[in-house]
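Now for the letters of each chain:
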Protein chains: 2
Amino acid sequence: MAISRPHPLQLISADEVTKASAIVRSIAEKQGVAIGTKSGLRFKNISLHDPPKALLLPYLDAEAAGVPAADRPFVPRLILAIWSYDRESRVVESVVSLDSGTEVAQSQTAKGQHGSIDRVEVRDSQQRMLEDPLVIEAIAKLNLPPGTIVQSDPWMYGADRNSNKDTHKFMQALLYARAPDNHPDSNQYAFPLPISPLYDIFEDKVVEITKLATGGQEDGLAYDTASDKPMAHCQANEYHPDLLPPARTDLKPLHVIQPEGPSFTITEENCVSWQKWRFRVGFNYREGMTVHDVRYDGRPVFYRLSVSEMTVPYGDPRSPFHRKQAFDLGDAGAGSTANCLSLGCDCLGSIAYFSGYLNDEEGAPVKAENVICLHEQDGGVGWKHTNFRTRNPSIARARNLILQTIITVGNYEYIFAWCFMQNGNVELETRATGILSTALIDPGKTSEWGNVVNPGVLAPNHQHLFSLRVDPMLDGARNSVFYEDSIAVPYSEEENPHGNAWRVVKTPFETSGFVDADPFANRVIKMVNETKRNPISGNPVGYKLVPQPCQLILAGENSVVRKRAKFAEHHVWVTKYRDGDLWAGGKWTNQSLSEVDGVFDYAARNEKVRNEDVVVWLTFGMTHNPRVEDFPVMPSEISTISLKPADFFDRNPALDVPQSRQEVNKSVLVSDPLPTASKMVGGGDECCDVKSKP
Amino acid sequence: MAISRPHPLQLISADEVTKASAIVRSIAEKQGVAIGTKSGLRFKNISLHDPPKALLLPYLDAEAAGVPAADRPFVPRLILAIWSYDRESRVVESVVSLDSGTEVAQSQTAKGQHGSIDRVEVRDSQQRMLEDPLVIEAIAKLNLPPGTIVQSDPWMYGADRNSNKDTHKFMQALLYARAPDNHPDSNQYAFPLPISPLYDIFEDKVVEITKLATGGQEDGLAYDTASDKPMAHCQANEYHPDLLPPARTDLKPLHVIQPEGPSFTITEENCVSWQKWRFRVGFNYREGMTVHDVRYDGRPVFYRLSVSEMTVPYGDPRSPFHRKQAFDLGDAGAGSTANCLSLGCDCLGSIAYFSGYLNDEEGAPVKAENVICLHEQDGGVGWKHTNFRTRNPSIARARNLILQTIITVGNYEYIFAWCFMQNGNVELETRATGILSTALIDPGKTSEWGNVVNPGVLAPNHQHLFSLRVDPMLDGARNSVFYEDSIAVPYSEEENPHGNAWRVVKTPFETSGFVDADPFANRVIKMVNETKRNPISGNPVGYKLVPQPCQLILAGENSVVRKRAKFAEHHVWVTKYRDGDLWAGGKWTNQSLSEVDGVFDYAARNEKVRNEDVVVWLTFGMTHNPRVEDFPVMPSEISTISLKPADFFDRNPALDVPQSRQEVNKSVLVSDPLPTASKMVGGGDECCDVKSKP
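Residues numbered from 1 in each chain as written. Chains lettered and ligands numbered in written order. Predicted model: local features only at pLDDT ≥ 70, side-chain atom pairs only at ≥ 80, totals over all residues. Heavy atoms only, no water.

Going by what an unreviewed UniProt entry lists, chain A is known as Amine oxidase and is assigned to Pseudomassariella vexata. The UniProt entry for chain A carries the following comment under Sequence similarities (unreviewed entry): "Belongs to the copper/topaquinone oxidase family." Quoted verbatim from the Subunit (unreviewed entry) field of the UniProt record, the comment on chain A reads "Homodimer." (UniProt positions renumbered as here; feature names shortened; annotations may be inferred.)

Right, here's the structure in full:
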């Protein structure tokens, strides 16, 4: 008891990665797995395994109550290791206990289930693709200019009905050429090749060269519409500053300065305290950034917040484009693909960083440096009222706390930012940027399935559909979920004689299930604690969210695309908490033929969720029909989901934010020195009410 | 010709106000209107009158083409003066020409049409209400504590079917008491009186004391449910800092510093240039802030942008609450109610201000000081891509330009901010803050029609519905409007064998009309110039907007509430431009019984709008069912409408924004000095890719 245990939510350490892989190595050896050979043991992912809630929550409650660490309940330190052998044909999940030094659980993928694409496969497949004689021959037939460098973007295979392709693990490559200047950062997406090699990971060989259709509207599903120089009309379109004309010179610097430092404090490496909020930052290979144990002024609010999955189905019907459907978390990993953020480039102001640990294929720790950043941001006017009688304004500016990460999944970037606000809101802002996925189109043609964004370049229509997992613990673990609609009351003399009334109709989730957004009914999702009443209104304390009324998954009912992403069929899912229920799209998404053990299955257990430990899953996103402005690199497309207090507090929680004052804020009045321009007025205290006669 | 004329969009000057009112005074005298008496001539509003587009647009095009001012076409300088006499029973609109010094048009309100509520009426009615013996008697019956100060919030009457109340002009007062400490800024809304005096403006007297219902759910439409001390249970709930405990002390300052000044320039008082954008700022009594002649890199984009109207209907069926339905622009005026912004309080950073002119009842100019502010703001990551092969990131931060105004309409505040972005977006951000309108509720009761937000205080449910008027001139004045839906293609072997495809179905507006949001079809509104094709995609150049799928007006079909606000029955209206078509809710909204000559009527003219001078009107807003957190002052509720380029440009227009670099941005790495905390890592250039075997 004298040795202090790490906090159960402390990020995994290098030492723990090493210890865990040692345990797994010995387990694997005992199971007869080869070590050190190309088809032998390979570590895919090693991360902290969420402790059982039944043990962790009491620990967190004790911590919040001020109980010293040594007296808090025991929480096991568990590590999840995903490893493979026989060239990915066997994928194993081991849960090891660092307390006992043993494996405490093990499961294998079933036939047809595949692990994520990892960096080893990305690297190996790229080599194989480009060295393969079939590929070399196929490229030669494209009559590209001599010296053209072809590059291979490895993609997960997606899914299709095709017997052994259902069970072997594949990589499909999308091939691109560099622009003729051959700068290593030249935008290859302006030169998409009309062929896609298929690489069998089990067999370690290219098994097929798939032709890609390049026709236009008039060509239907036809292939072979291209000339013998199918890419001759492609042109460079660069984004890298080395390859662009000089940048604009009229943008003046803007600095965010906090002369007394930021208002947040970080303790125990990953515990953040700021403006009555306190939470822990997590990081793992799959979800990337996670947020835990969110409390406001000591009151429990959210147990866990994360983006649980995302899927990006493409809408071009011509095979094999229907197999473009990445599950960027399950197939690749938001942690594995997280950017190392750079001071002053990615982040502006006074910045703190969090780093995590990933691993290499030998199970050695690899630092994920600065993968999450933390900083404050001015949020504009937080609240204001001017008493028109006295003309006295009262105004508090909003100060927001941003916790942000950026991931690069091949061509695309996604930025996820949690925003904590003084008004009690917790918001997730998602930005999509990076480069559109492109395909070749014959010269002069257009397509219904996308937009021509550069000569010869079709950017196909696609969707981005995310799942936000919200595990509330509003004033306690047992919560309920309602949806509330504003419904007009019919005219009647007895009740609504002027026709202006509406009711808020509240429907509880009694059992797990789903509901869709209904913006025309002003549908709101309310997460509440029915045993805790707001002392003012009498309503149960709660938090609300408005489901983003995005277009849900477009693919047809019987399509594999839809079956794989049942989470994207509805906007809001409500499930009964169970340890391990983390993956909206299922655990093994790569090459899945349907969503297995995802949120659909969690909900289908039909468990009681009224006044229980519940989890809410929100599907949000957008249908992206590209525009020319999205190329060569897409301006950030922003989407925000807000969790807002609803009778959780007994008044505006930002009331005690200090008034916004010039002595503190030190704004500067701009006056134009040019003699031809008028003098800027302003800055004084006079107000402008019309003088009225005495 | 030697004397230079003001730019046609130059803000009205003090001198012009004076000249215009002199012209009107002489016209009025000739018409036999008394001058200088209480029931004689009174000036309500004097503002610049939009010049005819047929004259203004050629002027602006000439200016943009570099034609010197003296050689540009003539544009008349017209002033609109709204004046009244016979105690508002006659309201007149005069358009005067400052070129000829004469009135060029005059119209009067029809019987039953009323002008806005102005400051004279606000002031006079407050006095009358509180001095009236009937009112004094009714207040006495409430048995308020001795010394209680009662205050009167003047409200427009709204509308009801009641013969002479259809034609006389009224003010209804909502009465509130100050908290017992009697601080002049004490929050009166915590002490709502259950009586509402009705003041006849024509007769200059209180004609009725309306009882307000104070019952709860069990009381239906009943009145007289209160005790003889109906407000005894009310309690103070303050927002003014003088009346609150000390503010939190852990918020550290955050400064936005632009050491080289801002990137914008202002010329000719109100012409703003910034990052290839150029536009003119307007201000008038009714719309408040307006934006004109928006061009990007010399290309015409928007002729005029403004919030055209808003309505706030309340949902409590108990008379007279159905008459709470403010049209804050038409009934009061966003310019008339604009705050004088204060450096470092309302605005953070390097700020420029615009001032305008309003007028007093004698037609003298009154400065509207600092009613609009302008400043830059960091917008987070504008675009980013990291080439996974080279690990080289390219990243540009977004810098936004904010043009903002704040209005106070009685209890509520609204903040409107235009946001110009380097990616070509123009966005309107609307915030609602200030204080909920409140009504008394008996102790211990709750109501279906709102939420109890303080003891004895019901905050009734209501809606905020706005109309955004967008007059595009995308590469020219003749544009078209389409709505585009993403529709799944049915499965078929010939066309969609994998079920993953969708089409974008584009429907043009051939004639003026409306359409609603359809978020589940990903409905997008496209404003395009069909005669100008994007050289890359071949699509017509355009701008798109996603209609906010807000809940439209809830009041029943036959209700006066709905009839007054037809604009709020649909999300998107498309009309043929006509000078003077500015008012979504009609010109004379105050006490209207139905929307007359509003956007419904503009659209009902059934004019051809394909490839014509069109105007798009967007209805947006929210149903507001208050929460306890909204009291005593509401945290800003934010709503954003985005106008985004759609094949307007030939690539991402922000590509030449300089790369985000630490040398320029000067961010600071936070490291915690506390010995118990871990050292923060980070700030270096190392990246975190898994080391792979050679």
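We are not done yet, so read on.
All names here are of chain A. The terminal C-alpha atoms of helix α1 (residues 14-30), which comprises 17 residues, lie 25 Å apart, in line with the 24 Å expected from a rise of 1.5 Å per residue. Within α1 the residues assigned to the buried category are Glu16, Val17, Ala20, Ser21, Ile23, Val24, Ile27 and Ala28. Down the axis of α1, the buried side of the element spans an arc of 160°, and every buried residue falls inside it. Packed against the buried residues of α1 are β1 (42-48), β2 (78-85), β3 (90-97), β4 (102-108), β16 (350-359) and β17 (365-387). (Helix = DSSP H or I, 4+ residues; strand = E, 2+ residues; numbered from the N terminus. Expected span 1.5 Å × (residues − 1). Buried < 20%, exposed > 50% of the residue type's maximum accessible area, 1.4 Å probe, protein only. Arc of directions from axis to C-beta. Contact = heavy atoms within 4.5 Å.)

Before going further, it helps to examine the relation of the copies chain A and chain B. Two copies of the chain are present, and they differ by a rotation about an axis and a shift along that axis. Aligned on chain B, chain A shows an RMSD of 0.0 Å; the corresponding rotation is 180° and the shift along the axis is 0.0 Å. What the rotation and shift describe, once combined, is the action of a two-fold rotation axis. Within chain A, the C-alpha atom positioned nearest to the axis of rotation is that of Val256(A), 2.4 Å from it. In this assembly the copies share their binding face: 100% of the residues contributing to the interface of chain A also contribute to that of chain B. (Least-squares fit on C-alpha atoms with pLDDT ≥ 70 in both.)

The next subject is the pairing of strand β18 (residues 392-409) of chain A. Regular strands place their side chains on alternate faces of the sheet. All names here are of chain A. Burial within β18 is extensive, with 16 of its 18 residues counted as buried. Here β17 runs beside β18; their pairing, made up of 12 bridges, is antiparallel. In the sheet register, glutamate 376 faces β18, and the bridge partner there is leucine 401. Hairpin connection from β17 to β18: four residues lie between these consecutive antiparallel strands, with arginine 391 at a positive phi of about 65°. The turn linking β18 back onto strand β19 (residues 412-421) is made up of two residues, and glycine 410 within it adopts a positive phi angle of 70°. (Pairing = 2+ DSSP bridges.)

As a further point, take the UniProt feature "modified residue: 2',4',5'-topaquinone" (unreviewed entry) in chain A. Residues and elements named next belong to chain A. The UniProt entry lists Tyr412 under the feature "modified residue: 2',4',5'-topaquinone" (unreviewed entry), expressed in the numbering used here. Examined against the element boundaries, tyrosine 412 turns out to sit in strand β19. Ignoring anything within four residues of it in the chain, the contact list for tyrosine 412 reads Tyr314, Ile407, Thr433, Gly434, Ile435, Leu436, His462, His464, His624 and Met634. Only 3.3 Å separates the side chain of tyrosine 412 from the side chain of histidine 464, close enough to count as a polar contact. (Polar contact = N/O pair within 3.5 Å; in protein donor to acceptor, adjacent residues only side chain to side chain.)

Turning our attention to the side chain of Arg72(A). All names here are of chain A. Within the secondary structure, arginine 72 sits in the loop between α2 (53-64) and β2. Glutamate 63 provides the closest opposite charge to the buried, salt-bridge-free arginine 72, at an N-O distance of 4.2 Å. Apart from the residues lying within four places of it in its own chain, the contact partners of arginine 72 are His7, Tyr59, Ala62, Glu63 and Val67. (Lys, Arg positive; Asp, Glu negative; His and termini not counted. Salt bridge = Lys/Arg side-chain N within 4 Å of Asp/Glu carboxyl O.)

Our focus in this paragraph is the environment of Gln258(B). Relative to the assigned elements, Gln258(B) resides in the loop between β9 (255-257) and β10 (265-267). Look at Gln258(B) and you get buried, because its relative accessible area is 7%. Once the C-alpha coordinates of Gln258(B) and Glu376(B) are considered, the two residues, 118 residues apart in sequence, prove to be 9.3 Å apart. Dropping the residues within four chain positions of it, Gln258(B) is found in contact with Lys252(A), Pro253(A), Leu254(A), Ser350(B), Glu376(B) and Arg399(B). Of the polar contacts made by the side chain of Gln258(B), one reaches the backbone oxygen of Pro253(A); its length is 3.4 Å. Among the polar contacts made by the side chain of Gln258(B), one reaches the side chain of Glu376(B) at a distance of 2.7 Å.

The subject of this paragraph is the packing of aromatic side chains. Evaluation of the coordinates by the stated rule reveals 40 aromatic pairs over all chains. Taking 5.3 Å as the distance between ring centres and 35° as the angle between the ring planes, the aromatic pair formed by Tyr157(B) and Phe170(B) counts as tilted. Taken together, the residues span a long stretch of sequence, with Tyr157(B) in the loop between β5 (150-156) and α5 (163-167) and Phe170(B) in strand β6 (residues 170-177) at a distance of 13 residues. Given a relative accessible area of 2%, Tyr157(B) falls into the buried group. Since its relative accessible area comes to 1%, Phe170(B) is described here as buried. Grouping aromatic residues by their ring pairs yields a cluster made of Trp277(A), Phe279(A), Tyr296(A), Phe302(A), Phe420(A), Tyr543(A), Phe648(A) and Phe649(A). Across from the ring centre of Tyr314(B), 4.2 Å away, lies the NZ or CZ of Lys324(B), which sits over that ring. (Phe/Tyr/Trp six-rings, centres within 6.5 Å; stacked < 30°, edge-to-face > 60°. Lys NZ or Arg CZ within 6 Å of the ring centre and 35° of its normal.)

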